[in-house]
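# Fold and geometry: a report
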Amino acid sequence: MTVMETYAPGTFCWADLGTPDSAAAKRFYTSLFGWAFDDRPIGSDAAYTMFNVDGKAVAALYQEPIREGTPPHWLSYISVDSADHTVAVARDLGGAIIDDAFDVFDVGRMAVIQDPTGGVVALWEPKRHIGAAVVGEVNTICWNELATTDTSAAGRFFQDLLGWGAETQQLGTVAYTLFKRGDASAAGMMQIGADWAPVPPHWLVYFAVDDCDTSAARAKSLGATVRVPPSDIGGIGRFAVIEDPHGAAFAIIRLADG
């Protein structure tokens, strides 16, 4: 088990789900991934639900009403040294600030930004909460990927913002950019295809599973929609893209051995 004690700046560290029906979402995700959960009060009538594997936090959800332009969604978080400083740099680089830096009780300081092409991501300055305690294992987060209409503009933005390097390779017919933090892989990026349904730029979170086909079928039986059926990526694994019963998109992948 890959237990995390810290995240280097520029590393994806967490993801949470904003959903209009937290009770139904808890049933779906605990049934799909076998997660346990812990509801933590964040107000008089609100809770932040922490999902756990073997008692270790791996993701979360909270109830959020459906608003025009903000459908149910998974939000990915990047660890930074200073949320305030990174927000200022993002603004200078042409990004939009959705939520300026603010304290989340005593657990961290966060902000939500949008790159110049429209992809939304959170920044996380850790205090008591570093992010996911386990990553890269079955039923935990294993990857984050940006789909965008302009890979050149988005790539420049994130490289300048976070000091990432970038390498582009062909995966079949798709040009895929691998962002690097030093020698470590940080995230991926690809162009939104002309054959995609109307899809805005977005970050997609991947959860590792032990069998992609079985998990996709399980998700469908629980009321989800399989948007991309189980498909092989040579040398990487077998993945699928799913929308949960309320429309929040995420991916699952059975990673190739080795």
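First things first, this report covers the structure right here in the doc. Source: prediction; values computed, not measured.

Cut-off values and rules
- Residues numbered from 1 in each chain as written.
- Predicted model: local features only at pLDDT ≥ 70, side-chain atom pairs only at ≥ 80, totals over all residues.
- Heavy atoms only, no water.
- Helix = DSSP H or I, 4+ residues; strand = E, 2+ residues; numbered from the N terminus.
- Buried < 20%, exposed > 50% of the residue type's maximum accessible area, 1.4 Å probe, protein only.
- Contact = heavy atoms within 4.5 Å.
- Areas by Shrake-Rupley, 256 points an atom, 1.4 Å probe, with all protein chains shown as cover.
- Lys, Arg positive; Asp, Glu negative; His and termini not counted.
- Charge placed at Lys NZ, Arg CZ, Asp CG, Glu CD.
- Pairing = 2+ DSSP bridges.
- Axes fitted to C-alpha atoms, helices over the stretch in contact; angles between N-to-C directions.

## What about the overall build of the protein chain?
Helix and strand counts for the protein chain stand at four helices and 16 strands. Its C-alpha atoms give the protein chain principal-axis dimensions of about 50 × 45 × 40 Å. Taking all 258 residues of the protein chain together, the buried fraction comes to 48%. Restricting to contacts in the protein chain with at least 6 residues of sequence separation, those with at least 24 account for 58%. Carbon together with sulfur atoms contributes 50% to the accessible area of the protein chain, which is approximately 12,100 Å² in total. For the protein chain, the centre of its 17 positive side-chain charges and the centre of its 32 negative side-chain charges are spaced 3 Å apart.

## Some details on the sheet that holds strand β12 (residues 184–191)
Here we have eight strands laid out as an open sheet, ordered β10-β11-β12-β9-β13-β16-β15-β14, and mixed in their pairing. Each edge of the open sheet is held by one strand with a lone partner, namely β10 (165–171) and β14 (225–233). The mean inter-strand angle of the sheet, taken between neighbouring strand axes irrespective of direction, is 25°. The pairing of strand β11 (residues 174–181) with β12 spans six bridges and is antiparallel. Bridge pairing in β12 places Thr177 opposite Met189. Here helix α1 (residues 22–33) sits on the sheet in contact with β13 (202–208) and β16 (249–255), set at roughly 5° to β16. The sheet contacts of helix α3 (residues 151–162) involve β9 (141–148), β10, β11, β12 and β13, and relative to β12 the element is tilted by about 155°.

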